[in-house]
Amino acid sequence: MARRLGDLPRREQLAHIARAVLRVILVWAALILAYNLLPLDDISGQHPFVLVAAVLLVFTAVFVWSTLRVLKADLPQLRAVEAVGFNIPFFLTLFAIVYLVIDHTMPFSFSERLDHVAALYFTITVFATVGFGDITPVTSTARMVVSAQMVLNLVVLGVVVKILLGAARRGIQTRGTAGAVNLESSDDE
């Protein structure tokens, strides 16, 4: 039976939150490790648009899997927050890989050469719409891929978060709990 985090005793709430935070931290650590150990030479022959399509397929598969986990979770709201904490960094890591591959296969696509740190930094500045201007796409291909990321950022922020929170709401409603659920106004989750 699905439950709301706020319905649990305080001690149990904290234990569930601690486990969720630990899972997110472990996923981030795994992403950082995989990102830094990725053999770019094995994927550098791919066309950037093929890579973007592959990134979208992988991200969609992971997103669907995490949404299903939210729907089946004992604490769907907490699982939804955990899924957001995983899906967004995963999305950013995938685009950082794309930028590394572009820079590796088509040097001078950006205003400076990208290493792992610079590619991730650039991806995050594009995602956050900060755009400091220190790294910029120079070629048409790089600009098109960055533009695609900008559009997809809106999708990730708008649709993905809404779907995950909706899945949490639906998981509680369909699996049963007393009272209506309103994630937006809940102070205890």
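Residues numbered from 1 in each chain as written. Predicted model: local features only at pLDDT ≥ 70, side-chain atom pairs only at ≥ 80, totals over all residues. Heavy atoms only, no water.

(A) Examining the side chain of Thr125 more closely. In this fold, Thr125 is placed in helix 5 (residues 116-127). Its relative accessible area of 9% is what places Thr125 among the buried residues. Residues in contact with Thr125, not counting those within four places in the same chain, are Val130, Gly131 and Phe132. (Helix = DSSP H or I, 4+ residues; strand = E, 2+ residues; numbered from the N terminus. Buried < 20%, exposed > 50% of the residue type's maximum accessible area, 1.4 Å probe, protein only. Contact = heavy atoms within 4.5 Å.)

(B) Here's a closer look at unusual backbone geometry. Although it is not a glycine, Phe108 sits at a positive phi angle of roughly 75°. For Thr129, which is not glycine, the phi torsion reads 55° and is therefore positive. Within the fold, Thr129 resides in the loop between helix 5 and helix 6 (140-175). By relative accessible area, Thr129 is classed as exposed at 69%.

(C) Region of the structure containing the environment of Phe95. Structurally, the position occupied by Phe95 is in helix 4 (residues 76-105). Along the sequence, Phe95 and Thr123 sit 28 residues apart, while their C-alpha atoms lie 6.5 Å from each other. Excluding its chain neighbours within four sequence positions, the residues that come into contact with Phe95 are Val55, Thr123, Val145, Gln149 and Leu152.

(D) Region of the structure containing the nonpolar core. With 42 residues, the main nonpolar core has Phe59, Phe91, Tyr99, Phe110 and Leu114 as its most contacted residues. Contributing elements (two or more residues each) for this core: helix 1 (10-37), helix 3 (48-72), helix 4, helix 5 and helix 6. If one sorts the elements of this core by residue count, helix 4 sits on top with 16 residues. With sequence-adjacent residues up to four places away left out, Phe91 is seen in contact with Phe59, Phe127, Gln149, Leu152, Asn153 and Val156. (Core = buried A, V, L, I, M, F, W, Y, C linked by side-chain atoms within 4.5 Å.)

(E) Main features of helix 5. The terminal C-alpha atoms of helix 5 lie 17 Å apart, and with 12 residues this matches the ideal 16 Å at 1.5 Å per residue to within 8%. Buried within helix 5 are the following residues: Ala118, Ala119, Phe122, Thr123, Thr125, Val126 and Phe127. Regarding helix 5, its N-cap is Asp115, as a side-chain oxygen of that residue lies 3.2 Å from the backbone nitrogen of Val117 further along. After helix 5 finishes, the residue Thr129 shows a positive phi value of roughly 55°. (Expected span 1.5 Å × (residues − 1). Polar contact = N/O pair within 3.5 Å; in protein donor to acceptor, adjacent residues only side chain to side chain.)

(F) Spatial organisation of the packing of helix 1 against helix 4. Axis separation between helix 1 and helix 4 bottoms out at 10 Å; the angle between their running directions is 10°. By the angle between their axes, helix 1 is roughly parallel relative to helix 4. Each of His16, Ile17, Ala20, Arg23, Val24, Val27, Trp28, Leu31 and Tyr35 in helix 1 lies in contact with helix 4, whose residues at this interface are Leu78, Arg79, Glu82, Gly85, Phe86, Pro89, Phe90, Thr93, Ala96, Ile97 and Leu100. Of the residues contributing to the contact of helix 1 with helix 4, the split by class is 14 nonpolar, 3 polar and 3 charged. (Axes fitted to C-alpha atoms, helices over the stretch in contact; angles between N-to-C directions. Parallel < 35°, antiparallel > 145°, perpendicular 65-115°, else oblique. Nonpolar A, V, L, I, M, F, W, Y, C, P; charged D, E, K, R; others polar.)

(G) Spotlight on the packing of aromatic side chains. Scanning all chains against the criterion turns up 10 aromatic pairs. With a centroid separation of 5.4 Å and an interplanar angle of 70°, the aromatic rings of Phe110 and Phe122 are classed as edge-to-face. In this pair, Phe110 is assigned in the loop between helix 4 and helix 5 and Phe122 in helix 5, connecting sequence segments 12 residues apart. You'll find Phe110 and Phe122 in the same group, each marked buried. Linked through ring pairs, Phe59, Phe63, Phe91, Phe95, Tyr99, Phe110, Phe122 and Phe127 together constitute an aromatic cluster. (Phe/Tyr/Trp six-rings, centres within 6.5 Å; stacked < 30°, edge-to-face > 60°.)

(H) The pattern of salt bridges, seen in detail. Evaluation of the coordinates by the stated rule reveals 3 salt bridges. Linked through salt bridges whose partners overlap, the residues forming this network are Arg23, Arg79 and Glu82. (Salt bridge = Lys/Arg side-chain N within 4 Å of Asp/Glu carboxyl O.)

(I) Focus on a nonpolar patch on the surface. Side chains of Leu14, Ile17, Val21 and Ile25 sit close together on the surface and give an oily, nonpolar patch of about 330 Å² of accessible area. Summarising the element assignment, Ile17 is placed in helix 1. For Ile17, a relative accessible area of 32% corresponds to the partly exposed category. (Patch = residues over 30% accessible without salt bridge, like charges linked within 9 Å, V, L, I, M, F, W, Y side chains within 5 Å. Areas by Shrake-Rupley, 256 points an atom, 1.4 Å probe, with all protein chains shown as cover.)

Note that every value here comes from positions in space, so none of it alone points to a role or purpose.
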